[in-house]
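# Topology and contacts: notes
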Amino acid sequence: RELERELHGAIAAGGLSLLFQPLFRPDGDLVCFEALLRWTHMVHGAISPAEFIPLAESSELIVPIGAWVLQTACQEAVAWPCDQRVAVNISAVQLLSEDFVTTVSQALSTTGLAPERLELEVTESVLIENTDQTLTVLSALRALGLRLVLDDFGTGYSSLSYLHRFRFDKLKLDRSFVQRLDTDEDARTIVRAMISMSKDLGLEVTAEGVETPAQLAALRELGCDELQGFLLGRPMPKSRIRMLIMRHH
Ligand code: G
Ligand code: G
Ligand code: MN
Ligand code: NA
């Protein structure tokens, strides 16, 4: 396919870039940035990862692309004036690909980023696919000293049994729950239960997709550890990060 060939070319030609979205603690501390991949096509302009990540996964291009994302995100984070963490999204194909642990380890060692400043975000779908191998890989990653995050939590199946089996440092409540906080009484009960359960399991909780002051107030009151969303900060180019960090310092 044409688009697939062009995506391959984009890795070398500089068509890929990263945006960074800030995560805050409820008291306003700026603690992390999530790296979000963008592809600017010479003719079609910006193409969403929602479109090209599936394409990259089916063609295994996600492996070199993912390696580029890891390397670039770590390199950026090392240059920040403070020690915010950087979060990188990892797809299932990438996690289960050969040498993934080596790729991560090399990104850390070549950039000099402290492992505890790197968070890897995986979705529940990863955990359904191939549990024995997944368990081995996640343990090896954990042994590197980085942090494991379960992304889009609550959208998959049997979430509770996965939490019991795999050891994560943090959950990200899917933004569908956060959105419903404004309009749906039950959503508040559900989010409260999810946060309480996470705390009992020793996990931190991030809420993503915070878009309104009412959602922010509710999540603060419910005891969320970290908050992320358009209300607090949009994904931004690296050139704007230093300024944001200085303002919050
Ligand atoms: O940034 P945006 O909302 O357009 O992202 C859309 C989807 O693409 C999200 O599910 C996000 O997790 C995913 N995504 C963004 N960047 C990356 C990346 O570097 N690797 C992978 N695997 N997924 C990404
Ligand atoms: O699947 P994942 O959680 O990694 O997706 C991250 C995506 O969510 C990014 O593409 C980012 O642009 C998007 N995002 C971040 N904050 C918000 C928000 O407040 N509202 C909405 N609708 N999307 C958001
Ligand atoms: Mn994510
Ligand atoms: Na998410």
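I will try to describe carefully the structure that is included in this document. (Residues numbered from 1 in each chain as written. Chains lettered and ligands numbered in written order. Predicted model: local features only at pLDDT ≥ 70, side-chain atom pairs only at ≥ 80, totals over all residues.)

### So, the overall build of the chain
Secondary structure assignment for the chain yields 12 helices and nine strands. Over its C-alpha atoms the chain spans a radius of gyration of 18 Å, differing by no more than 12% from the 18 Å that the globule rule assigns to 249 residues. With the C-alpha coordinates of the chain rotated into their principal frame, the extents come out at 50 × 45 × 35 Å. When the 249 residues of the chain are sorted by exposure, 35% land in the buried category. A fraction of 66% describes how many contacts in the chain between residues 6 or more apart in sequence connect residues 24 or more apart. (Helix = DSSP H or I, 4+ residues; strand = E, 2+ residues; numbered from the N terminus. Rg over C-alpha atoms; globule rule 2.2 N^0.38 Å. Buried ≥ 20, exposed ≤ 12 C-beta atoms within 10 Å, placed from the backbone. Contact = placed C-beta atoms within 7 Å.)

### Notes on the environment of isoleucine 190
With respect to the secondary-structure elements, isoleucine 190 resides in helix α10 (residues 185-200). Residues isoleucine 190 and lysine 238, 48 residues apart in the sequence, show an inter-C-alpha distance of 36 Å.

### As for unusual backbone geometry
Even without being glycine, aspartate 99 reaches a positive phi, approximately 65°. Within the secondary structure layout, aspartate 99 lies in the loop between α4 (92-95) and α5 (100-111). Exposure remark for aspartate 99: the 11 C-beta atoms within 10 Å place this residue in the exposed category. Despite not being glycine, aspartate 152 shows a phi value in the positive range, around 50°. For aspartate 152, the location among the structural elements is in strand β6 (residues 147-153). With 19 C-beta atoms counted inside 10 Å, the residue aspartate 152 sits in the partly exposed group.

### Some details on the site of ligand 2
Near ligand 2 there are 13 residues, and of these Asn89, Gly209, Glu211, Gly229 and Phe230 occur at the shortest range. Looking at the shell around ligand 2, its residues break down into four nonpolar, four polar and five charged. (Near = placed C-beta within 6 Å. Nonpolar A, V, L, I, M, F, W, Y, C, P; charged D, E, K, R; others polar.)

### Brief notes about the site of ligand 1
Taken together, Leu36, Leu37, Ser48, Pro49, Ala50, Ile53, Val69, Asn89, Ile90 and Ser91 are the residues near ligand 1. Only β2 (30-41) and α2 (49-58) provide two or more residues apiece to the shell around ligand 1. Among the elements that make up the shell around ligand 1, the one with the highest residue count is α2 (three residues). Across the shell around ligand 1, the residue classes break down as seven nonpolar, three polar and no charged.

### Describing the pairing of strand β7 (residues 170-173)
Neither face of β7 is exposed, since Lys170 and Lys172 on one face and Leu171 and Leu173 on the opposite face are all buried. Direction of pairing for β6 relative to β7: parallel, over a ladder of three bridges. Residue leucine 150 lies in a different strand from β7, and its bridge partner there is leucine 171. As paired elements, β7 and strand β8 (residues 204-207) share four bridges and run parallel to each other. Across the sheet, the residue bridging to lysine 170 is glutamate 204, located in β8. (Pairing = 2+ DSSP bridges.)

### Describing the packing of helix α1 (residues 2-13) against α2
When two helices pack together, you describe them by how their axes are tilted relative to each other and by the distance separating the axes. Direction vectors running N to C along α1 and α2 enclose 90°, while the axes themselves pass 10 Å from each other. Between α1 and α2, the angle is such that the two are roughly perpendicular. Here α1 contributes Leu3, Glu4 and Leu7 to the contact with α2, which in turn contributes Phe52, Leu55 and Ala56. Partitioning the contact of α1 with α2 into residue classes produces five nonpolar, no polar and one charged. (Axes fitted to C-alpha atoms, helices over the stretch in contact; angles between N-to-C directions. Parallel < 35°, antiparallel > 145°, perpendicular 65-115°, else oblique.)

### Observations concerning α5
Taking 1.5 Å per residue as the helical rise, α5 with its 12 residues ought to reach 16 Å, and the 17 Å between its terminal C-alpha atoms agrees with that figure. Turning to α5, its buried residues are Phe100, Val104, Ala107 and Leu108. Relative to the axis of α5, the buried residues are bounded by an arc of 95° and lie together on one face. Away from its buried face, by an angle of more than 90 degrees, α5 presents the exposed residues Thr102, Ser109 and Thr110. On its buried face, α5 sits against α3 (62-79), α4, β5 (118-123) and α7 (131-143). Glycine 112, located one to two residues past α5, shows a positive phi value of around 80°. (Expected span 1.5 Å × (residues − 1). Arc of directions from axis to C-beta.)

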